[in-house]
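Topology and contacts: notes
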Amino acid sequence: MSLTTRAIGAPLDRLDGPQKVTGTAPYAFEYPVAGATYAFPIQSTIARGRVVSFDARAALALPGVLAVLSHENAPRLPGPHDAELAVLQSDAVAYHGQFVGVVVAETSEIVRHAASLVAVRYEEQLHDVELRADRGSLYKPERINAGFETDTSNGDVEAALASAPIALDLTYTTPAYHNNPLEPHATIAVWSDDGESVTLYDANQGVYGIRDTVAAAFGLPPERVRVIAPYVGGGFGSKAFAHPPVMLAVLAAHAAGRPVKLALTRQQMFAVVGYRTPTIQRVRLGAERDGRLTAIAHDVVEQTATIKEFAEQTAVATRMMYAAPNRRTTHRLARLDVPVPTIMRAPGECPGMFALESALDELAVAAGLDPIELRLRNEPESDPGTGRPFSSRGLVACLREGAERFGWQPRDPRPRARSEGRWLVGTGVAASTYPTRRSSSSALARVDGAGHYTVLIAASDIGTGARTVLTQIAADALDVPMERVQLEIGDSSFPRARIAGGSMGTASWGTAIVEAAGNLRARLRDEFGGVVPPEGLEAPGEAGDNPEAQRFSMHAFGAQFAAVRVNMDTGEVRVPRLLGVFAAGRIMNAKTARSQLLGGMTMGLSMALHEASVLDPRFGDFVNHDFAEYHIATNADVGTVDVSWIDEDDPYVNPMGAKGIGEIGIVGTAAAIANAVYHATGVRVRDLPITLDKLLS
Ligand code: MOS
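These figures come from a predicted structure and were not determined experimentally. Going along each chain's sequence as written, the residues are numbered from 1 onward. Only residues with pLDDT of 70 or above have their local features reported here, since the model is predicted, and side-chain atom pairs are shown and tallied only from 80 upward, although totals for entire chains, interfaces and linings are computed over all residues. Derived side-chain values reflect all non-hydrogen atoms in the structure, with water molecules and hydrogen atoms excluded from consideration.

What counts as a salt bridge is simple: a side-chain nitrogen of Lys or Arg found within 4 Å of a carboxyl oxygen of Asp or Glu. Counting across every chain of the model gives 49 salt bridges. Across the pair Glu357 and Arg375 runs a salt bridge whose closest N-O atoms are separated by 2.7 Å. Of this pair, Glu357 sits in helix α8 (residues 349-367) while Arg375 sits in helix α9 (residues 371-377), placing them 18 residues apart in sequence. Take Glu357 and Arg375: they sit in the same class, and that class is buried. A single salt-bridge network, built from bridges that share partners, covers Glu158, Arg284, Asp299 and Arg328. Starting at the N terminus, helices and strands are each numbered in turn, a helix being any DSSP run of H or I of at least four residues and a strand any DSSP run of E of at least two. Burial here depends on accessible area, computed with a 1.4 Å probe over protein chains only, as a share of the maximum for the residue type. Under 20% is buried, over 50% is exposed, and the range in between is partly exposed.

Another aspect to go through is the packing of aromatic side chains. When the centres of two rings from Phe, Tyr and Trp lie within 6.5 Å, Trp using its six-membered ring, the rings pair. Their planes under 30 degrees apart give stacked, over 60 give edge-to-face, and anything left gives tilted. Within this structure, the stated rule accounts for eleven aromatic pairs. Summarising the aromatic geometry, the rings of Phe270 and Tyr630 are spaced 5.6 Å apart at their centres and angled 70° between planes, so their arrangement reads as edge-to-face. With Phe270 in helix α7 (residues 266-272) and Tyr630 in the loop between β27 (621-622) and β28 (640-645), this pair connects stretches of sequence that are 360 residues apart. By way of ring pairs, the aromatic residues Phe406, Trp408 and Phe561 are connected into one cluster. For a ring to carry a charge above it, either NZ of a lysine or CZ of an arginine must fall within 6 Å of the ring centroid while also lying within 35 degrees of the normal to the ring plane. The ring of Phe29 carries Lys261 above its face, with NZ or CZ at 5.0 Å from the centroid.

Turning to its location among the elements, Ala477 is positioned in helix α11 (residues 466-478). Taking the C-alpha atoms as reference points, Ala477 and Ala115, separated by 362 residues in sequence, lie 53 Å from one another. In this description, contact between two residues means that some pair of their heavy atoms is separated by no more than 4.5 Å. Once residues within four sequence positions are removed from consideration, Ala477 is found in contact with Leu3, Val514, Ala517 and Arg521.

Looking now at the sheet that holds strand β22 (residues 485-488). Strands qualify as paired when DSSP identifies two bridges or more between them. Here four strands make up an open sheet; going across it, the order is β22-β21-β20-β23 and the pairing mixed. The open sheet has two edge strands, β22 and β23 (537-543), and neither has a second partner. Ignoring strand direction, the axes of neighbouring strands in this sheet form an average angle of 20°. Whenever a helix is involved, its axis is fitted only over the stretch in contact; in every case the axis is a line through C-alpha atoms, and angles between N-to-C directions fall within 0 to 180 degrees. Taken strand by strand, α11 contacts β21 (453-456) and β22, and its axis lies near 135° from that of β22.

For the rest of this paragraph, the subject is the sheet that holds strand β5 (residues 99-105). Reading across the sheet, the seven strands line up as β3-β5-β1-β14-β11-β12-β13 and stay open at both edges, with mixed pairing between neighbours. At either end of the open sheet lies a strand with only one pairing partner, and these are β3 (65-70) and β13 (225-228). Strand-to-strand, the axes of this sheet are offset by a mean angle of 20°, without reference to chain direction. Examined bridge by bridge, β3 and β5 share five bridges and lie antiparallel to one another.

Turning our attention to the packing of helix α13 (residues 590-609) against helix α14 (residues 669-681). Close contact between α13 and α14 brings their axes to 7 Å; oriented N to C, the two are set at 50°. Here α13 is positioned oblique relative to α14, judged by the angle of their axes. As for how α13 packs across α14, the hand of that crossing is right-handed. Along the contact surface, α13 presents Gly600, Met601, Gly604, Leu605, Met607, Ala608 and Leu609, while α14 presents Thr669, Ala670 and Ile673. Only Asp, Glu, Lys and Arg are considered charged in this grouping, and only Ala, Val, Leu, Ile, Met, Phe, Trp, Tyr, Cys and Pro are considered nonpolar; every other residue, Gly among them, is considered polar. Classifying every residue of the contact of α13 with α14 by side-chain character gives seven nonpolar, three polar and no charged. Angles below 35 degrees are treated as roughly parallel, those above 145 as roughly antiparallel, those between 65 and 115 as roughly perpendicular, and all remaining angles as oblique. Handedness of a crossing is defined here by the sense of rotation of the near helix relative to the far one, left-handed for an anticlockwise turn of less than a right angle and right-handed for a clockwise turn.

Attention now goes to the pairing of strand β25 (residues 573-583). Counting buried positions along β25 yields eight of eleven residues, so the element is predominantly enclosed. Here strand β24 (residues 555-567) pairs with β25 via nine bridges, running antiparallel. In the strand pairing of β25, Ala563 is matched with Arg577. Connecting β24 to the next strand, β25, in antiparallel fashion are five residues, including Gly571 with a positive phi near 80°. Here β25 pairs with β28 via six bridges, running parallel. Its bridge partner being in β28, Gly580 is matched across the sheet by Val643.

Put simply, a nonpolar core is a bunch of buried Ala, Val, Leu, Ile, Met, Phe, Trp, Tyr and Cys residues held in one set by side-chain atoms that sit within 4.5 Å of each other. In this structure, Phe218, Met321, Ile457, Ile673 and Ile690 are the most contacted members of the largest nonpolar core, which totals 192 residues. A per-element tally of this core places α8 first, with ten residues. Each residue touching Ile690, except ones within four places of it in the same chain, is listed here: Val573, Ala608, Leu609, Ile673, Ala674, Val677, Val685 and Leu695. Ranked by size, the runner-up nonpolar core spans 19 residues in total, among them Val51, Phe54, Ala114 and Val120.

Excluding glycine, most residues fall at negative phi; most peptide bonds, likewise, are trans. Geometrically, the link from Gln409 to Pro410 is a cis peptide bond, its omega value of 0° lying close to zero. Between Leu688 and the following residue, Pro689, the backbone shows a cis peptide bond with an omega angle of -5°. By the element assignment, Pro689 lies in the loop between α14 and α15 (693-696). The phi dihedral of Ser503 is positive, around 50°, even though this residue is not glycine. Relative to the assigned elements, Ser503 resides in the loop between β22 and α12 (505-528). Judged by relative accessible area, which is 11%, Ser503 ranks as buried.

Don't take any of this as a statement about function, it's just geometry.
Listed below in structure tokens is the structure:
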């Protein structure tokens, strides 16, 4: 169906803005639960080995301590199939920081002190935590994240590279990154008196996933687990799937026979809720003298944990970005004694496009072409990976519009040719992309006798503005003003919906809401002649995978521009200006959309200049595990960020025409900045972050 749009598109304030800024929107840890106790985890201080003794006597002697659990006395879990989630089920230690125990006490102060009194002894084994591309033991995973093929191959890459007039062989690296949402991971677990069901107030990106995972692990029917998360303070992927802390909270509450509150400290988060894998990416490009690509090879090495495999889809964007008759992408993993990596904002596209878009810039230099012109010359007719036509492809429009707005031309391409005082200045550009997908969700629309509508859906608003946008969509689909619609989200007692992830929320949840609204209006019209019965009326709506995805390649695109200043004496890099133009279908809410894109670009700037999780190979732990040491761009690091989008009408993606904007903002930003740093200084930094030592040599 098509939508008349009145609310959709408007730059509306967040409906929950007042609650957020007055501190009255409850986050997971803040629910007032009668009789609540506090849990504090004990983490392994070795990276590999086993626990040989666990002495809790001093902790248990402390008044107010209720329980201390380790693998020796923790309840046996009938599930989980996932070894990472089998907390306290064995003496084995697979990574530094793994949970080896938990203390439960009456107050948060007592529990933390008690945890410090527990003495754990280990039998330590040699650990292996170093990611290198020359390791003999790299392996090919079955699949990479989101179900993509691990490798692809078209044509004869080696022959094309050997005969190419211009051939580049470049290696880029990105470090590990931690997701670091502002709200730490937290759970309150409340078991029923009969021990047959449990309610969780939990910080997550999807209540159903947590519900199903906990139910499987504890051998409960899924409907005996209820997960509540109406307000969530960010996730960036780290709250998408269940991680050990939620299991520990449920286990601790079961053992203590009391409700348990568990909030991770920032430092604890660095081991147990995931991070983005570091990458080593070899990119080889072959091109004609006019810049037309003849071959692209993108070979990625990344890491996973011994306890669970996670394989990021780093090279997938290289499969569809540019035309080239010969192409290869591969992913290889090093299985290391490290914490388990996970998805982080634009998994795959974010690090992968840093490499590809840096390499394109290097090719532009080698071919003596403007980098925008180079990209225009390599624009594909259809998706080179699948052969399918694009449902819409706005890259060229974004590059042109961005060049205009940024004032890209006239640009002297020579590096190190401009300065202002002791600052070298330069500009850079990179492309951006993110897939447009949707997956199954359901919703329920209700109207009462007074004509007030309620829409129920187990969607998540992790700070994106989803609550507001979905209310706009519901109002338009119901053809009523927004004031008459109440949206209820974040509760597994509502109809099943997918996680907030993969930039699929609006597309998936919105489609289900449009269906439910359409069904409700049809019932009202056909069964009740348009008059709401006194007892009210309701109708469900379902959205599945998009059948058009079999016919079309669907992606959002963008163009990122950066202006940088690099100090000649200190190497300090400043980014006075970023500009992004995006083609992401129809924009549902101009204000929250701008915030998403601006936030993504800021995170990209942070990736370019600041962020890196440093693993100490001697101990196997991330040593810079707090905000004093893990540097994130602050306000003072961010200059002007100019965000805009082009009008794009894509009838194939979903009824709203929305492509998803949560992740594309981060893609390409770091490459645009690195390319600008090259233009300013003549130094090509291929290893993020771009710290001053790399510019002074
Ligand atoms: Mo996002 S990394 O898909 O939560």
